[in-house]
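One letter stands for each residue in the lines below.
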Amino acid sequence: MTEAILLVGGKGTRLRPLTVHTPKPMVPAAGVPFLTHQLARARAAGVEHVVLATSYLAEVFEPYFGDGSALGLHIEYVTEEEPLGTGGALRNVASRLHSGPDEPVLVFNGDILTGLDIRALVRTHETSGADVSLHLTQVSDPRAYGLVPTDGTGRVLAFLEKPQKPEEIVTDQINAGAYVFRRSVIDTIPAGRVVSVERETFPGLLAAGAHLQGMVDSTYWLDLGTPAAFVRGSADLVLGRAPSPAVPGRCGDRLVLPTARVAPDAKLEGGTVVGEGAFVAEGARVFGSTILPGAVIEPGAVVTDSLIGTRARVGERAVLTGAVIGDGAVVGARNELREGVRVWCDARIPAGAVRFSSDQ
């Protein structure tokens, strides 16, 4: 296995305001852009050539990763002028692949954090003789996902839309967003138009009698599509629950980047990350949160399961739980922000303006 395609063109709408200025795969997780973890794991599995299928804020990727040599990779970039969907993106980069018609090409979605045994997926593909092999994972509540039932040998039987009724839940297996394609299959995807592999390519292949193989791997798996999931994924990388050779430091309760400053009596726990140039002041308590570069947590603030954007500021004795603070925003002193709140980039919340308890 020598090459892979990473689909990194999505707008990351569910992650806004984190993705207003930054494409989703470039939002830092455990101190580095999330895409770095995917590239490092691909390289560890033997991948040498990677094509990034970009679209939204495409100009951000190449200045950061360059030719990929720092990661031991050869990286190429292909930008869609108009978004083409997952299948359309694959077809759009096909000309950059080096593989022969029957050789395998790995494909990864750019928003999945997983401990998948990549080599095992490739072995499954080769030994089964499949046209496409899919990583499947088992979830306790599959209602939010499309279902992928398989037979006793792992051969895919169907692709079922999100179940609406209990009797429609025929399996707990879902598409986990990593695939191995026979190169010639990619070449059959229609060019120049929007194509979804999940809704069009895979069902069409199945209807035509192609062999689609599923491999269930129930190691760590998380879709980072929401702010809460992204914060959790970053913390799990720091804690060592999610594997990655790209975490820039030892796994543990906290990860403090080299130019960050943390007051001696500040408490950092639960996989908290403090980015380059950020500052956590005296008496502050930060649990399971991501503090992006240049952000400031003022004295006595309490930040839990939250993400604080680049150059944002959290005021003295403010209390944040499950919050997302956009780049450059200021949360004034003594504010209380609870689960699900999103403060937009460069917004200003005056001191004591938002509270869930009295002001005494």
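Residues numbered from 1 in each chain as written. Predicted model: local features only at pLDDT ≥ 70, side-chain atom pairs only at ≥ 80, totals over all residues. Heavy atoms only, no water.

**What about the overall build of the protein chain?**
Here's step 1: Along the protein chain, the regular secondary structure elements total seven helices and 28 strands.
Here's step 2: Relative to a compact globule of 360 residues, whose C-alpha radius of gyration would be 21 Å, the protein chain shows 22 Å and is just as compact.
Here's step 3: Oriented by its inertia axes, the alpha-carbon framework of the protein chain measures out at about 70 × 50 × 35 Å.
Here's step 4: Relative to its full complement of 360 residues, the protein chain shows a buried share of 55%.
Here's step 5: Look at the contacts in the protein chain between residues 6 or more apart in sequence, and 52% of them connect residues 24 or more apart.
Here's step 6: For the protein chain, the exposed surface amounts to about 15,300 Å²; the carbon and sulfur share of it is 50%.
Here's step 7: Between the averaged position of the 33 positive side-chain charges in the protein chain and that of its 40 negative side-chain charges there is a distance of 5 Å. (Helix = DSSP H or I, 4+ residues; strand = E, 2+ residues; numbered from the N terminus. Rg over C-alpha atoms; globule rule 2.2 N^0.38 Å. Buried < 20%, exposed > 50% of the residue type's maximum accessible area, 1.4 Å probe, protein only. Contact = heavy atoms within 4.5 Å. Areas by Shrake-Rupley, 256 points an atom, 1.4 Å probe, with all protein chains shown as cover. Lys, Arg positive; Asp, Glu negative; His and termini not counted. Charge placed at Lys NZ, Arg CZ, Asp CG, Glu CD.)

**A word on the UniProt feature "domain: Nucleotidyl transferase" (unreviewed entry) in the protein chain**
Here's step 1: Mapped onto the present numbering, the UniProt feature "domain: Nucleotidyl transferase" (unreviewed entry) falls at residues 4–236.
Here's step 2: In residues 4–236, the share of helix is 27% and the share of strand is 23%. The end C-alpha atoms are 25 Å apart. (UniProt positions renumbered as here; feature names shortened; annotations may be inferred.)

**Points about the side chain of Asp 131**
Here's step 1: Relative to the elements of secondary structure, Asp 131 occurs in the loop between helix 4 (118–128) and strand 8 (132–138).
Here's step 2: What makes Asp 131 buried here is its relative accessible area of 18%.
Here's step 3: Beyond its immediate sequence surroundings of up to four residues, Asp 131 is in contact with His 125, Val 180, Phe 181, Arg 182, Val 185, Ala 210 and His 211.

**Things to note about the pairing of strand 1 (residues 3–7)**
Here's step 1: Strand 1 sits mainly inside the fold: five of its five residues count as buried.
Here's step 2: Here strand 1 shows no split at all, with Glu 3, Ile 5 and Leu 7 on one side and Ala 4 and Leu 6 on the other all buried.
Here's step 3: Relative to strand 4 (residues 49–54), strand 1 runs parallel, the two being bridged by five bridges. Bridging across to strand 4, Leu 6 finds its partner in Leu 52.
Here's step 4: For strand 1 and strand 6 (residues 104–109), the ladder comprises four bridges, and the chain directions are parallel. Across the sheet, residue Ala 4 finds its bridge partner in strand 6, namely Leu 106. (Pairing = 2+ DSSP bridges.)

**Structural notes on helix 7 (residues 227–239)**
Here's step 1: Between its first and last C-alpha atoms helix 7 spans 18 Å; for 13 residues at 1.5 Å apiece the expected length is 18 Å, and the two agree.
Here's step 2: Counting buried positions along helix 7 yields ten of 13 residues, so the element is predominantly enclosed.
Here's step 3: Among the residues of helix 7, those classed as buried are Pro 227, Ala 229, Phe 230, Val 231, Gly 233, Ser 234, Ala 235, Asp 236, Leu 237 and Val 238.
Here's step 4: Just downstream of helix 7 lies Gly 240, where phi reads positive at about 90°. (Expected span 1.5 Å × (residues − 1).)

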